[in-house]
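Chain residues, written in single-letter form:
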Amino acid sequence: MIKAISGLILGVVVMSGCSGGQAAAPSATPAPLDAARLRAALLPTPQGMTVSYGPETGAYGSLKATKQGLDALRTAKVDKPGCAGLGQLDPAKLGTAPAAVVAYSSKQGSITQAIVVTGAFPGPIPARCASYKADVDGTKVTYRTDAVDMPKRGDQSRAFLTTATSRGSSAQIGAVMIARKGVVTSLLVLGKEVKKDGLAELGRLADEKLARITA
């Protein structure tokens, strides 16, 4: 169940997807951000978790995670075309943008973070895409997404919680997007149950790190 869900989530929520009505961020990056500075803004390994991927830096479209995400989207069959990936960064438009990605995991779930230098920020998920179904490698999964009310972070921020259900079992995917001075950080938390308070705390920590490299 988790494997099927995470396979599509890698493409839908973490680091890839279709354009979600992205709007320009309010200000540009004050100075060029190299890979080292982007990597410095990634969260440290959370207690009880280990690094499962990365850290990887480079052009957003060239990263292994981005390519895997696109492959997952291409193979998944979604009942509402265009809904998978909404609310996330668009690799088709950000292929050469500097980026850094890392993923942590434990028996309870995983946390994945991406930081991308971009003046675009994903828009909200439209009502028609709040619920959709997908066939992921033969497993039928239903996704239901709700916006999460959280304290505003950076110049712009957005959070949502997706519940994925298949064959009587479910998992949750919490996502936080924060933009600050032309840089966007994306956080994904995957587990049996994702606490909103924990999601908010991760957002706060990620924004603090983002503020340091964009000061």
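A. Layout of the overall build of the protein. Of regular secondary structure, the protein possesses 4 helices and 11 strands. Sorting the 215 residues of the protein into buried and exposed places 50% on the buried side. Restricting the contact set of the protein to residue pairs at least 6 apart, pairs at least 24 apart contribute 70%. Entry remark: accessible area of the protein is about 9,800 Å², with carbon and sulfur atoms responsible for 54%.

B. Inspection of the nonpolar core at higher detail. Judged by nonpolar contacts, the single largest core of 27 residues is most densely connected at Leu38, Ile115 and Val176. Residue contributions to this core peak at 6 residues, all from helix H4 (residues 196–214). With 16 residues, the next largest nonpolar core counts Tyr60, Ala97, Ala103 and Met177 among its residues.

C. Highlighting H4. Taking 1.5 Å per residue, 19 residues should reach 27 Å; H4 reaches 27 Å between its end C-alpha atoms and fits that length. By the burial criterion, the buried members of H4 are Leu199, Ala200, Leu202, Gly203, Ala206, Asp207, Lys209, Leu210, Ile213 and Thr214.

D. Summary view of the pairing of strand E7 (residues 131–136). Of the strand pairs in this sheet, strand E3 (residues 77–78) and E7 are connected by 2 bridges, and their pairing is antiparallel. Pairing of Val78 across the sheet is with Ala134, part of E7. Linking two consecutive strands that pair antiparallel, namely E7 and strand E8 (residues 139–147), is a turn of 2 residues; a positive phi of about 55 degrees is found at Asp137 within it.

E. Spotlight on the pattern of salt bridges. One pass over the full model with this rule turns up 6 salt bridges. Between Lys140 and Asp135 there is a salt bridge, with the nearest N and O atoms lying 3.5 Å from each other. Accessibility expressed as a relative area gives 61% for Lys140, which makes it exposed. With its nearest N and O atoms 2.5 Å apart, the salt bridge here joins Arg204 to Glu201. Here Arg204 and its partner Glu201 are both found in helix H4, 3 residues apart, which amounts to about one turn of the helix. Owing to a relative accessible area of 27%, Arg204 belongs among the partly exposed residues under this scheme. A single network of salt bridges, built from pairs that share partners, joins Glu201, Arg204 and Glu208.

F. A look at the environment of Val102. Its place among the elements puts Val102 in strand E4 (residues 98–106). Given the relative accessible area of 1%, Val102 is considered buried. Here the alpha-carbon distance between Val102 and Glu56, two residues 46 residues apart in the chain, equals 6.5 Å. In contact with Val102, not counting residues within four places along its chain, are Leu42, Tyr53, Gly54, Pro55, Ile111, Thr112 and Gln113.

G. Region of interest: the environment of Asp137. By secondary structure assignment, the location of Asp137 is in the loop between E7 and E8. Note: C-alpha distance between Asp137 and Ala76 (61 residues apart in sequence) is 7.1 Å.

H. Local environment of the confidence of the model for the protein. Chain-level statistics for the protein give a pLDDT mean of 80 and a share of 79% at 70 or above. When pLDDT is averaged over each element of the protein, H4 comes out on top at 94 and strand E1 (residues 23–24) at the bottom at 38. Every residue in residues 1–31 scores below 50 in pLDDT, and together they form 116 contacts with partners more than four places removed in sequence or on other chains.

I. The arrangement of the environment of Ser186 in detail. If you trace the backbone, Ser186 turns up in strand E11 (residues 183–191). Considering only alpha carbons, one finds Ser186 and Thr112, 74 residues apart in sequence, at a separation of 8.1 Å.

J. Structural view of the side chain of Ser110. Position of Ser110 relative to the elements: it lies in strand E5 (residues 109–117). Those residues in contact with Ser110, other than ones at most four positions away along the chain, are Met49, Tyr104, Ser105, Leu188, Val189 and Leu190.

K. Focus on the sheet that holds E5. With respect to topology, 9 strands assemble into an open sheet ordered E2-E4-E5-E11-E10-E9-E8-E7-E3, the strand pairing being antiparallel. Both edges of this open sheet fall to strand E2 (50–59) and E3, since each of them pairs with a single strand only. Taken together, the 6 bridges between E7 and E8 define a ladder with antiparallel strand orientation. Residue pairing across strands places Lys133 opposite Thr142, the latter belonging to E8.

Cut-offs and rules
Residues numbered from 1 in each chain as written. Predicted model: local features only at pLDDT ≥ 70, side-chain atom pairs only at ≥ 80, totals over all residues. Heavy atoms only, no water. Helix = DSSP H or I, 4+ residues; strand = E, 2+ residues; numbered from the N terminus. Buried < 20%, exposed > 50% of the residue type's maximum accessible area, 1.4 Å probe, protein only. Contact = heavy atoms within 4.5 Å. Areas by Shrake-Rupley, 256 points an atom, 1.4 Å probe, with all protein chains shown as cover. Core = buried A, V, L, I, M, F, W, Y, C linked by side-chain atoms within 4.5 Å. Expected span 1.5 Å × (residues − 1). Pairing = 2+ DSSP bridges. Salt bridge = Lys/Arg side-chain N within 4 Å of Asp/Glu carboxyl O. pLDDT = per-residue confidence, 0-100.

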